[in-house]
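Read off the chains here:
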Amino acid sequence: MSYNKIEQVRKTKYFRLWDILIYGIIALIIAALFLVVFLTSDKSPTNGFTIRQADKVVFTYYFDTDKYEYALADGIISIDGQDDKSLKLTVYTADKSGYNKVEVDKVNKSVKVVDADCSLLKKDCVYTPALKDNSSVISCLPHEMYIEPLIKRVDNPSDIPLG
Amino acid sequence: MNKRLTTLCAFSLSAVLISGVLSSCNIGETQKSDSYFMPIASYSQYKSSGSTMAEGCGHVMGTDAVLRIADENNFATEERYNAFSNLWEEVKGVLLSVENSVSATIETSCIYKFNQAKAGSTVEIDETAYEILSLAKTVYEETDGYFNPAVYQSVRLFGFGTAYYKKPDTMPSYESVQAYKTLADGFADLTVSKSQDKYYATKPQTTVSVDGAVHSLMLDLGGIGKGWCADKINKLIDESGFKYGYLSLGSSTMAIKRHNSSDGNNYTLSVRDPRANGGYAKFAVKDSCLSTSGDYEQFYEVDGVRYCHIIDPTTGSPIQTGVASVTIVGGSAAQDDALTTALSAMGTVQAVEYINDRLSDRFVLMLVFEEGQGKIITNRPDQVTIINGAYSLGNTVAEGKIVLN
């Protein structure tokens with residue numbers, strides 16, 4: 001297309017109007033999507049969180065009762081220390097070749113990764129802000145470890161109290 | 001007029017409810033059965049409820065009974081729902097017949113009559129009582145007497161044995177504890193026999209005197225009786241063709257079938273924490289009978305000492321072994337019922353020896369306290385998920401055997 005042709009097109013009023021309209025519609029859609037994502041994100045404080053390795057939940061913590069659950073035998077979770085204000089634990093990879101050190105702040109009801117030996121030097125999980133509401137997630141891709149808010153405990157009818 | 005009629009109806013309903021509650025509050029030594037069953041939903045009610053499970057519930061043998069059954073097609077036809085209805089009728093029949101046979105407090109039961117008989121006398125009992133008593137004798141021998149249904153008077157001495165247990169005004173004297181222990185020891189001499197389709201139980205000759213009154217051996221088969229019911233009902237569920245659901249007797253004795261939609265069709269059972277709200281550990285299970293028992297069901301404290309309804313036959317007093325909860329999964333629910341009591345009385349070391357020697361085919365989960373620290377003991381740690389982080393695993397497993405830390 002020659003330069004003259006482009007200039008001719010630019011001077012065509014009919015085309016400029018539609019040009020503006022299309023850009024406007026795209027801008028509106030982007031704004032709408034931003035508003036939808038922003039307004040519908042759940043910023044309420046989380047009741048707890050789960051630590052997941054790949055598809056398996058390996059640790060669950062409940063802020064309101066200060067209780068946690070983890071599988072006893074697989075050695076993925078090591079409780080390193082706890083007091084009234086904090087709980088420290090280490091999450092090992094399934095083959096025990098790597099770890100993420102996690103610290104729970106019981107007072108502020110938040111959790112963060114404080115150290116990791118992941119192969120990537122960036123250590124994104126360590127620099128991710130503490131998870132304290134239902135819209136956040138902390139992930140460590142090299143270790144396939146994800147800390148996710150416990151948005152709602154599903155009342156699973158397969159759970160039966162015994163005793 | 002309508003308002004007056006409504007008021008009249010309300011008063012009448014209240015009177016019926018109050019009289020019902022009062023009549024159920026019989027805390028005397030003897031009573032008639034206060035069992036009841038709620039009517040199950042009709043097929044149309046079930047369909048309109050949107051529920052996926054049919055449920056029958058009631059109160060029998062002093063505990064709540066719940067049967068929940070799911071059908072592969074959500075009871076798409078009334079015929080399948082009628083099958084559940086028939087099953088529920090059979091279940092009620094089993095529960096009531098066992099209660100009327102082995103209750104220690106219902107005047108017409110043969111165990112009540114046995115308890116009232118003189119020392120050394122032979123009493124005719126029915127087939128159900130014969131079978132349950134025979135099983136109790138077997139478990140008594142297998143556990144070296146740690147399961148002993150003849151500790152009934154010791155249970156009552158410490159204020160337990162009814163739904164309305166209470167701490168005695170004064171704690172039992174050493175003499176009375178020893179006297180009732182002597183009677184319980186006589187369970188080894190109790191005999192059961194069968195002759196021409198009739199069944200008999202013969203009391204030992206032993207008598208003791210407590211506060212001027214002469215006593216002979218008395219039995220309470222209620223605990224093992226619940227498990228016996230669960231075994232029977234488990235078979236009934238199988239025979240009716242249902243695969244999904246469970247039976248719960250007081251949430252402590254269960255026949256678990258399969259969950260109709262969970263991962264692996266397992267149910268997840270959370271075992272009650274004896275020292276805190278909620279559960280202390282959980283595990284997945286299906287197609288199994290099980291029982292759990294602990295020092296949290298009925299207890300009181302005196303001068304910092306916990307007294308519970310489980311009697312140690314070797315002392316005649318409530319257990320002080322530190323074993324707070326025992327759960328056994330697999331095998332017969334009746335045996336599991338008896339064995340949870342026996343393991344509680346044995347204490348940690350002896351219980352572990354028993355588990356290693358005789359219960360390797362079952363999943364056993366215990367919570368024991370040593371110097372205030374809760375330890376979880378189990379022969380299948382890979383099946384256990386801890387709920388209360390205050391407790392830790394107190395053993396390893398080597399070649400299928402529990403090795404205490």
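Residues numbered from 1 in each chain as written. Chains lettered and ligands numbered in written order. Predicted model: local features only at pLDDT ≥ 70, side-chain atom pairs only at ≥ 80, totals over all residues.

(A) View of the interface of chain A and chain B. Between chain A and chain B, the residue contacts involve 14 residues of the former and 24 residues of the latter. Looking at the side of chain A that touches chain B, its residues break down into 9 nonpolar, 2 polar and 3 charged. Sheet topology places strand β10 (residues 159–162) of chain A next to strand β11 (residues 267–272) of chain B; 4 bridges connect them, and they run parallel. By the bridge assignment, Ile160(A) is partnered in β11(B) with Leu269(B). (Contact = placed C-beta atoms within 7 Å. Nonpolar A, V, L, I, M, F, W, Y, C, P; charged D, E, K, R; others polar. Pairing = 2+ DSSP bridges. Helix = DSSP H or I, 4+ residues; strand = E, 2+ residues; numbered from the N terminus.)

(B) Up close: unusual backbone geometry. Phi is positive for Lys109(A), close to 50 degrees, though the residue is something other than glycine. Within the fold, Lys109(A) resides in the loop between β6 (99–105) and β7 (110–116). Assessed through the 18 C-beta atoms surrounding it within 10 Å, Lys109(A) is described here as partly exposed. Phi at Phe75(B) takes a positive value of approximately 50 degrees, unusual for a residue other than glycine. Residue position: Phe75(B) is located in the loop between β3 (63–70) and α3 (78–102). (Buried ≥ 20, exposed ≤ 12 C-beta atoms within 10 Å, placed from the backbone.)

(C) Inspection of the pairing of β7(A) at higher detail. Residues and elements named next belong to chain A. In the sheet, β6 pairs with β7 via 6 bridges, with the strands oriented antiparallel. By the bridge assignment for β7, Val104 is matched with Val111. Adjacent in sequence and paired antiparallel, β6 and β7 are bridged by 4 residues, among which Lys109 carries a positive phi angle near 50 degrees.

(D) Broad picture of the sheet that holds strand β1 (residues 48–53) of chain A. Taken in spatial order, the 9 strands of this open sheet run β8(A)-β9(A)-β1(A)-β2(A)-β3(A)-β21(B)-β12(B)-β11(B)-β10(A), and their pairing is mixed. Among the strands making up the open sheet, the edge pair consists of β8 (138–140) and β10 of chain A.

(E) The arrangement of helix α8 (residues 222–240) of chain B in detail. Its 19 residues place the ends of α8(B) 27 Å apart at the C-alpha level, agreeing with the 27 Å of an ideal helix rising 1.5 Å per residue. Counting buried residues in α8(B) gives 15 out of 19 residues, a clear majority hidden from the surface. (Expected span 1.5 Å × (residues − 1).)

(F) Examining the pairing of strand β18 (residues 323–329) of chain B more closely. Residue and element names in this part refer to chain B. Burial runs high along β18: 7 of the 7 residues are buried. For strand β13 (residues 288–294) and β18, the ladder comprises 5 bridges, and the chain directions are antiparallel. For Ser291, the partnering residue across the bridge sits in β18 and is Ile328. Taken together, the 6 bridges between β18 and strand β19 (residues 363–370) define a ladder with antiparallel strand orientation.

(G) Broad picture of the packing of α8(B) against helix α9 (residues 333–346) of chain B. Residues and elements named next belong to chain B. Contact pair α8 / α9: the axes reach a minimum separation of 6 Å and the direction vectors enclose 155 degrees. The angle between α8 and α9 falls in the class roughly antiparallel. The hand of the α8/α9 crossing is right-handed. Residues Gly223, Ile224, Lys226, Gly227, Trp228, Ala230 and Asp231 of α8 lie in contact with α9, whose contacting residues are Ala333, Ala334, Asp336, Asp337, Ala338 and Thr341. (Axes fitted to C-alpha atoms, helices over the stretch in contact; angles between N-to-C directions. Parallel < 35°, antiparallel > 145°, perpendicular 65-115°, else oblique. Left-handed = near helix turned anticlockwise from the far one by under 90°.)

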